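# Per-entry structural report
The chain contents come next:
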Amino acid sequence: DGGITQSPKYLFRKEGQNVTLSCEQNLNHDAMYWYRQDPGQGLRLIYYSQIVNDFQKGDIAEGYSVSREKKESFPLTVTSAQKNPTAFYLCASSIGTGMDEQFFGPGTRLTVL
Amino acid sequence: KQEVTQIPAALSVPEGENLVLNCSFTDSAIYNLQWFRQDPGKGLTSLLLIQSSQREQTSGRLNASLDKSSGRSTLYIAASQPGDSATYLCAVGRGGGADGLTFGKGTHLIIQP
C-alpha cells in the first residue's frame, strides 16, 4: 500500500523537552511538507522540502527544525524554543512540480504537559 | 500575502439536498487549488485538484469550479448523504515550484439523516 505514515499518533511532552515527529512516505515523491493545525484555524506551513538535503522555512518555522537525509523521510523536531507547541501536526507529500496534488498523513497530536 | 476565506463556516442541511461551499482568495496568481475533506481527529483526504488553467473538475457527486480572475472557487455536492458530514478545506498552491499550500479555515458540514 502506498501512502504516508506518521508516528506516533499521540505525543506528550514536558515543557523544556525537544521531541521529534516522524513522517515517512513510499510514494516516491520528491516534495514533503509539515503543517500545523490549531482549533478554529487553517493549516499553517512550518517547513517544506523539494528535494533531498534541501528544505525551506514556511510561515511559522520558529522553534522547529527538520532534516531531509532520505527521499522517503522528513522528520520534524519541536524544540523547547517553540512557545506554544500543543497542536495537530500534519505531514504531506507531492510529486514535486508545484502544480501537483498534495497527499496527507494521518497526523500526530502533540500535547505539552 | 495570500489569504483564503471559506464561507459559510458551518452548514447543516437535510439528506438529499444539493449544496455549495465557497472559497475565495486574495491573490489570483495561484498555481492550483485543492479541495480536501477532514474527518474529526484525522488527516486530510484530497477530493479535487484544479490547475490554474482549468475551470472545473468533477469526481462522482463532487464538482469544483475555479474563477481565477475573481479569486473564487466553489465545491458543489450533489444529493448529499450523512457520510458527507465532515470539514471541507480549500487550499491554494503558492509561489513557484512545490512551495506548499495556503489554507482556508474550512466549512464544517453536517448532513442530517
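Described below are features of the structure shown in this document.

Here we take up the side chain of glutamine 38 of chain B. Its location among the elements puts glutamine 38 of chain B in strand β4 (residues 32–38). Judged by relative accessible area, which is 8%, glutamine 38 of chain B ranks as buried. Not counting residues up to four positions away in its chain, the partners in contact with glutamine 38 of chain B are Gln37, Phe88 and Leu90 of chain A together with Gly43, Leu44, Ala86, Thr87 and Leu89 of chain B.

Moving on, we get to the interface of chain A and chain B. With 26 residues of chain A at the interface, the matching set in chain B holds 23 residues. Carbon and sulfur atoms make up 52% of the surface buried where chain A meets chain B, a total of about 1900 Å² over both sides. Along the contact surface separating chain A from chain B lie one salt bridge. Measuring nitrogen to oxygen at the nearest pair gives 2.9 Å for the salt bridge that ties aspartate 59 of chain A to arginine 94 of chain B. Taken together, the elements giving at least two residues each to the side of chain A that touches chain B come down to β4 (31–37), β5 (44–51) and β9 (87–94) of chain A. Per-element accounting of the side of chain A that touches chain B gives the leading share, four residues, to β4 of chain A. A breakdown of the residues in the side of chain A that touches chain B according to their chemical character gives eleven nonpolar, eleven polar and four charged.

Turning our attention to the nonpolar core. Core analysis: the largest hydrophobic core is formed by 23 residues, its most contacted members being Leu19, Phe25, Leu33, Trp35, Leu75, Ile77 and Tyr88 of chain B. The set of elements that each furnish at least two residues to this core consists of β3 (19–25), β4, β5 (44–51), β7 (62–67), β8 (72–77), β9 (86–93) and β11 (107–112) of chain B. Setting aside its immediate chain neighbours within four residues, leucine 75 of chain B contacts Leu19, Val20, Leu21, Trp35, Leu47, Leu48, Leu62, Asn63, Ala64 and Tyr88 of chain B. Ranked by size, the runner-up nonpolar core spans 20 residues in total, among them Ile4, Ile46, Phe74 and Leu76 of chain A.

How each quantity is defined
- Residues numbered from 1 in each chain as written.
- Chains lettered and ligands numbered in written order.
- Predicted model: local features only at pLDDT ≥ 70, side-chain atom pairs only at ≥ 80, totals over all residues.
- Heavy atoms only, no water.
- Helix = DSSP H or I, 4+ residues; strand = E, 2+ residues; numbered from the N terminus.
- Buried < 20%, exposed > 50% of the residue type's maximum accessible area, 1.4 Å probe, protein only.
- Contact = heavy atoms within 4.5 Å.
- Buried area = accessible area lost by both parts, 1.4 Å probe.
- Salt bridge = Lys/Arg side-chain N within 4 Å of Asp/Glu carboxyl O.
- Nonpolar A, V, L, I, M, F, W, Y, C, P; charged D, E, K, R; others polar.
- Core = buried A, V, L, I, M, F, W, Y, C linked by side-chain atoms within 4.5 Å.

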